[in-house]
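Observations on the model geometry
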Amino acid sequence: MCQSKEQLSAEQLLRIVLDTIPLRVFWKDLDLNFLGANQKLLDDIGFNSLDDLIGESDYAIFETPEEAEPKRDDDREVIQSGEAKLDIEEALPIQGKRLKWLRTNKVPMKMPDGKIIGVLGTYQDITAEVEYRQLIERQALIDPLTELANRRNLQNQILESEYTLAGLLFIDLDRFKHINDTLGHSVGDILLQTIAKRFQDIADTNDAMLARLGGDEFSIFKTFDDHSKIKDTLESIAKSIINVLNKPIHLGHHVVSIGASIGITTINGHNKSTKDGFTEADLAMYSAKINGRNNYRFYTEDLGVSAKRLHNLYSYLHHAIANNELYLVYQPQFNATNTLIGAEALVRWNNPKLGQVSPDEFIPIAEESGMIHELGEWVIREALDTLVSWKSWLSLNPDFKLAVNVSSKQLEHRNLTSYIKNNLTDRGLNAKHVEIEITESLLLEQKTYGMASMDELKEIGVNIAIDDFGTGYSSLSYLAALPLNKLKIDRSFVSGLHTNDTNKKLVETMINLASGLGLNVIAEGVETLDEKHALESLGCTEFQGFLFSKPISAIKFERQYLYKDI
C-alpha cells in the first residue's frame, strides 16, 4: 500500500479521490468559470474531458441563458455572502440527455486568511426520488379509475381560480350500490368509467370542470363572471346529467339503467370556502335523494336541518362505549401460499336509533371531538383481550400479528406506549404479536410526537406499519428515519392493478423502496385473483382483502382460521 502511494503524485491521488466520491464535484473562480470537476459531473453534462470544461461557464453547458442563470445566481449569492447554500433541489436539463434532478450544495472557497477565491459545489442525483414524488403527487390529484380530477384537485380549483361567482354540483348515482353488489365490482367499475365519459361531454360543452369525489359521487364546477344566467345554466347542466343517465347503458351482456340525485349550490368568488360549498351541495344532494331520487335541488337555508344527524352522531357516540354499542371485527391477512400471517382489528358501531354507522362517518367525529382517545383505548383493550383468547394458538404460531389502527391524535399523547405496555403486561402477552397501523398522511401532521411515540413502541417490541402508503407524500429520507416494520399499500393503487400501467409502476416503486429500507409490504383491498397475481409479479407476498375474507367476528375468525380442525 505504501509503495503504491509513493508512486502516485499528489495530483493523481486527488483525482482518484474526486472520481471515487459518490457525488458530482465542481469548483469555479470568482468570474464563475469552471476551475475543475470530477468525472461523474463531466459524464452528466456531456463533456469528454476536463480540459474542455476548464475556463468555461454554465452558458457552455446549458442550451439557453434562462437555464444557466439560476445556477450562476446561486454561485453569486454564495460568493457575496460568504455563506454556504445547501439542499438546492434543481433540474439538470442537458440537450440530448434524460432530465436529471439534483440536490446541490455550494460553499465559498476561502484562503487561510479568509479571502474568498471561488465557489465549491457538490450535488447528488435524486432523479428517482423526484420522479417518484411527481408520480405520487399526480396520483393524489387524479382518480385512478376514471382519470378525472379527484376531490383534492377540485378543492384546489375552487380556491385558486379567479371568478365572481361559481356553481358547484354534487352528483350521487342512484341504485349504483345495487348494481355493484349484483353484477360485481368489475362491472361497477366499467359503469363508472362509462358514466364519467358521458359527464365529461356535458362538462366540456359547458366549459366546466368534472371531478370524481369517490365511490359513486361526481362533481361539476362552473365559474361565472356575473350573476345573470347562473341559475339557468346550472339547472341546464343538472337536467343534461339526468337526461343522459335516462338512456340505457350497455355493459357487455348487461343493460343497466341508473339515475342521479344532484345537489347544487353557488360559491362567492370573493369569499371562497370549499367546506361551506361542499357542505351545501351535499345537503342539497341529500334532499334530492330523499325526495324521490333522479332529480336535483338547489341549496336553501332550510336544508341545514339535515345537520341534525350530525348532532345525533356526536351525542350518541359519547355513550357508545358505556352502552356496549361498539364491537370489533377481524380481517385476516395471508402470504403468497395462503398461510394466515395476521389480522387487522376494525371497529364497528351499531346504535339502536341510528343503526349501523360507518367508521368513515364516526371516526372523524371522534377525532374532532376528542373522543378518539377513549375510543382508541377501548379498541386496544378489546383487541388484546382477543389475543388472550388465542394464546394457545399463538404459542404454535409465533409470527402472527394483530394490527390495530392508531390515529394521529393518539400519537400526540406520550402515554400511548405506557398504556399499550401496561395492557400487554396485565394480560401476559408478547408485544411481537401486536402491530400498530398509522396512516401515512396523518403521521406527517405530527412528526415530532409521532416519531417519539413510534420509537417508544418499537423499543418495547411492538411492530409499526404505515397504513394507506402512497397517499401521503412521505419523503425517502423521512421514511428511512422512521422505526418501521411494514408498508401497507393503499387500496386505491391495488384496485384494477392488472390493467393500470401507472399503478403498476407506482406499486413496483413502493415495493422496491420497502425492500431497500428492509421493510415488509402488504397490499390491502385485494378483491380479485388478477390483482393478487399482478401484485405477486411485482414482488408483493402479503395480502388482505375481500378476495380472502370480509372482516368477521372473533368467533367466526377462530372457527374459520384458528381452530378449524377441532
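Scope of this entry: the structure provided in the associated data block. (Residues numbered from 1 in each chain as written. Predicted model: local features only at pLDDT ≥ 70, side-chain atom pairs only at ≥ 80, totals over all residues. Heavy atoms only, no water.)

1. Structural notes on a nonpolar patch on the surface
To keep it simple, the criterion reads: The patches described consist of residues with a relative accessible area above 30% and no salt bridge, like charges being joined within 9 Å and nonpolar side chains (Val, Leu, Ile, Met, Phe, Trp, Tyr) within 5 Å. Each accessible area is a Shrake-Rupley estimate made with a 1.4 Å probe; only the visible protein chains count as cover when residues are assessed. A pairing counts as a salt bridge when a side-chain nitrogen of Lys or Arg comes within 4 Å of a carboxyl oxygen of Asp or Glu. A run of DSSP states H or I qualifies as a helix once it reaches four residues; a run of E qualifies as a strand once it reaches two. Both are numbered from the N-terminal end. Note on exposure labels: buried denotes an accessible area under 20% of the residue type's maximum, exposed denotes more than 50%, and partly exposed covers the range between, all computed with a 1.4 Å probe on protein chains only.
There is a patch of nonpolar side chains on the surface, built from Leu 8, Leu 13, Ile 16 and Val 17 and spanning about 290 Å² of accessible area. Position of Ile 16 relative to the elements: it lies in helix α2 (residues 10-20). When its relative accessible area of 43% is taken as the criterion, Ile 16 is described as partly exposed.

2. Description of the nonpolar core
For clarity, the threshold we go by: The definition of a nonpolar core used throughout is a set of buried Ala, Val, Leu, Ile, Met, Phe, Trp, Tyr and Cys residues joined through side-chain atoms within 4.5 Å. Should any heavy atoms of two residues lie within 4.5 Å, those residues are considered in contact.
Membership of the largest hydrophobic core comes to 81 residues, with the highest contact counts inside it found for Trp 349, Leu 387, Phe 400, Ile 436, Leu 484, Leu 535 and Phe 557. Ranked by residues supplied to this core, first place goes to helix α14 (residues 372-389) with eight residues. When residues no more than four places from it in sequence are discounted, the contact partners of Phe 557 are Tyr 330, Gln 331, Pro 332, Leu 340, Gly 342, Ala 343, Trp 390, Phe 400, Ile 552 and Leu 562. Leu 173, Ala 196, Ile 241 and Tyr 296 belong to the second largest nonpolar core, which has 36 residues in total.

3. Here we look at the pattern of salt bridges
According to the stated counting rule, one finds 24 salt bridges in the structure shown. For Lys 28, the salt bridge goes to Asp 75, with nearest N and O atoms at 2.6 Å. Separated by 47 residues along the polypeptide, Lys 28 in strand β1 (residues 24-28) and Asp 75 in helix α5 (residues 65-81) bring together distant segments of the chain. Just as Lys 28 is buried, Asp 75 falls in that class too. Residues Lys 488 and Glu 344 are paired through a salt bridge, measuring 2.8 Å at the closest nitrogen-oxygen approach. Taken as a pair, Lys 488 in strand β19 (residues 486-489) and Glu 344 in strand β14 (residues 340-351) lie far apart in primary sequence, 144 residues in all. By relative accessible area, Lys 488 is classed as buried at 0%. Glu 344 gets classed as buried once you look at its relative accessible area, which sits at 4%. In the salt-bridge network here, residues are joined through shared partners; they are Arg 24, Asp 44, Lys 100 and Asp 125.

4. Observations regarding the sheet that holds strand β5 (residues 116-125)
The criterion, for reference: Paired strands are those between which DSSP finds at least two bridges. Lines fitted to C-alpha atoms define the axes, with helix axes restricted to the stretch in contact, and inter-axis angles between N-to-C directions lie between 0 and 180 degrees.
Strands sit in the order β2-β1-β5-β4-β3 across an open sheet of five strands; the sheet is antiparallel. Here the strands that pair on one side only, and so sit at the sheet edges, are β2 (34-37) and β3 (85-92). On average, each strand axis in the sheet is inclined to that of its neighbour by 25 degrees, with strand direction left out of account. Examined bridge by bridge, β1 and β5 share five bridges and lie antiparallel to one another.

5. Some thoughts on the sheet that holds strand β8 (residues 217-224)
The five strands lie next to each other as β7-β8-β6-β11-β12, forming an open sheet whose pairing is mixed. Edge positions in the sheet fall to β7 (209-214) and β12 (296-298), since each of these pairs with one other strand and no more. Recorded for the sheet is a direction-independent mean angle of 20 degrees between the axes of neighbouring strands. Both strand β6 (residues 165-174) and strand β11 (residues 259-268) contribute to a ladder of 10 bridges, which runs antiparallel.

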